[in-house]
Amino acid sequence: MRNGTKRGSAVLVALLALMLAACGQNGGSSPSPDPGSDQESNRPSEPEVNLKEASGTFTGLADPHTVEIVLDNGEPTEFQFDESLQEAVAGLQENDTVSIKYEEKAIEGEENVKQLVLAEITKTGSDSGTGSSEGNTDSESRPETKELTLTLEGMTEKKEASLIPAADGYSLYVFDSFTFNPETGLLTMDVDPNYAVKVEKLSSGANLESLKEEGTNQLSEYGTVEELTEEKRPEAMKDSTLFLTAKEEANGTSHQYIVKEMDGNGFVFHVTIPEGEPSEGFEPHVYASLNTIELDSE
């Protein structure tokens with residue numbers, strides 16, 4: 001009996017050892033990954049670009065890769081842009097209204113300064129009212145007052161102007177510091193009426209060469225006549241067809257003969273600018289007004 005008991009105990013001990021070994025192997029092995037699980041979801045995601053939206057008035061380029069926009073809150077703001085937006089920016093003119101999307105990027109070492117980078121820019125209208133492609137506009141359909149954008153002493157601002165119809169079949173917005181005679185087309189500065197612009201509506205058959213000859217003859221009595229290239233013209237008149245100027249040596253008065261197409265019709269602006277302090281504000285105001293000319297519908 002003792003030998004039988006010993007053999008039975010030995011068998012039980014062997015079985016127990018095998019069971020413990022099997023349990024140890026199962027418990028020590030790591031669970032295999034579920035082939036159906038999405039391992040990509042465990043990877044860190046790239047930070048999202050937080051784009052902001054705004055709207056305002058395009059005033060021009062600060063440099064080849066920077067635009068200046070006067071936002072609707074009246075704040076002039078510069079935005080950088082890359083080659084992908086060059087075509088869109090090239091199609092804009094001064095005083096065009098735009099909607100934008102942009103990103104604020106932190107600048108290393110400048111905690112309180114952000115770099116504003118355009119992602120999108122879209123023209124929504126023309127604040128200057130020039131070159132309308134929608135046909136003639138009845139002056140009665142235009143608002144009686146409008147805020148125009150102009151640059152004074154390097155600062156861009158908006159000022160309210162009132163709509164005045166002219167007897168010659170067009171209308172324009174005029175600032176309260178100026179007077180416009182609808183019958184004669186004469187726009188003068190209230191503080192000194194010698195600062196003036198005579199608006200002349202051209203007939204449909206006007207010839208540029210003839211106009212250039214006429215303008216040269218008119219200005220030659222004041223001094224040497226110079227034809228300004230686009231690069232030399234004031235920003236608001238860069239798209240004019242012809243820009244002639246002459247200056248009187250005796251008193252410093254400047255005279256300009258500007259030909260420009262407005263709302264599908266040619267106009268000549270005869271500008272007189274005496275030498276004096278008002279001259280700094282005169283040109284920005286009158287150019288902004290002249291750029292709002294639209295023909296009345298027949």
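Look a little higher up for the structure.
Residues numbered from 1 in each chain as written. Predicted model: local features only at pLDDT ≥ 70, side-chain atom pairs only at ≥ 80, totals over all residues. Heavy atoms only, no water.

Caption draft 1: Seen up close, the overall build of the protein. In terms of regular secondary structure, the protein is built from four helices and 16 strands. Burial analysis of the protein (298 residues in total) assigns 35% to the buried set. The contacts of the protein with a sequence gap of at least 6 include a subset with a gap of at least 24, amounting to 51%. (Helix = DSSP H or I, 4+ residues; strand = E, 2+ residues; numbered from the N terminus. Buried < 20%, exposed > 50% of the residue type's maximum accessible area, 1.4 Å probe, protein only. Contact = heavy atoms within 4.5 Å.)

Caption draft 2: Expanded view of the packing of aromatic side chains. Scanning the model with the defined rule gives six aromatic pairs in all. Each ring, one from Y170 and one from F267, has its centre 5.3 Å from the other, and the planes form 85°; the classification is edge-to-face. Here the residue Y170 occupies a position in strand β8 (residues 170-175), and F267 occupies one in strand β15 (residues 265-273), the gap between them amounting to 97 residues. Members of the aromatic cluster, joined through ring pairs, are Y170, F180, F267 and F269. (Phe/Tyr/Trp six-rings, centres within 6.5 Å; stacked < 30°, edge-to-face > 60°.)

Caption draft 3: Focus on the environment of A206. With respect to the element layout, A206 can be found in the loop between β11 (192-201) and α3 (208-220). For the pair formed by A206 and F267, sequence separation is 61 residues and the distance between their alpha carbons is 9.7 Å.

Caption draft 4: Representation of the nonpolar core. Within the largest apolar cluster, 34 residues are counted, with the highest numbers of intra-cluster contacts made by Y170, V197, F269, F282 and I293. I69, L71, L85 and L118 belong to the second largest nonpolar core, which has 15 residues in total. (Core = buried A, V, L, I, M, F, W, Y, C linked by side-chain atoms within 4.5 Å.)

Caption draft 5: Inspection of the pairing of β11 at higher detail. Bridge analysis of strand β10 (residues 186-189) against β11 gives four bridges, and the strand direction is antiparallel. Bridging from a neighbouring strand, L186 pairs with K198 of β11. From the end of β10 to the start of β11, which pair antiparallel, there are two residues. Here β11 runs beside β15; their pairing, made up of six bridges, is antiparallel. (Pairing = 2+ DSSP bridges.)

Caption draft 6: Here's a closer look at the sheet that holds strand β6 (residues 145-152). Ordered by their spatial adjacency, four strands build an open sheet running β6-β7-β8-β16, and the pairing between neighbours is antiparallel. Of all strands in the sheet, those bounded by a partner on one side alone are β6 and β16 (294-295). On the sheet, helix α4 (residues 279-290) packs against β6, β7 (155-165) and β8 and is oriented at approximately 140° with respect to β6. (Axes fitted to C-alpha atoms, helices over the stretch in contact; angles between N-to-C directions.)

Caption draft 7: Expanded view of the pairing of strand β1 (residues 51-63). With seven bridges connecting them, β1 and strand β4 (residues 96-107) associate as antiparallel partners. Within β4, the residue paired with G56 across the bridge is V98. Bridge count for β1 against strand β2 (residues 66-71) is six bridges, and the pairing is antiparallel. Bridge assignment links L61 to a residue of β2, and that residue is V67. What sits between β1 and β2 in their antiparallel hairpin is a turn of two residues.

Caption draft 8: Local environment of α4. If you check α4, its first and last C-alpha atoms are 16 Å apart, about what 12 residues at 1.5 Å a residue would give, namely 16 Å. Buried residues dominate α4, accounting for 10 of its 12 residues. (Expected span 1.5 Å × (residues − 1).)

Caption draft 9: Spatial organisation of the pattern of salt bridges. Counted by the stated rule, this structure contains six salt bridges. In this structure, E104 engages K52 in a salt bridge whose closest nitrogen and oxygen atoms are separated by 3.3 Å. Here the residue E104 occupies a position in strand β4, and K52 occupies one in strand β1, the gap between them amounting to 52 residues. A relative accessible area of 35% means that E104 is categorised as partly exposed. Ionic pairing is found between K232 and E226, a salt bridge with its closest N-O pair at 3.6 Å. (Salt bridge = Lys/Arg side-chain N within 4 Å of Asp/Glu carboxyl O.)

Caption draft 10: A look at the environment of F267. A relative accessible area of 0% means that F267 is categorised as buried. Spatially, the C-alpha atom of F267 lies 7.0 Å from that of V199, the residues being 68 residues apart in sequence. Apart from residues lying up to four places away in sequence, F267 is in contact with Y170, V199, E200, K201, L202, I258, V259, K260, M262, I293 and L295.

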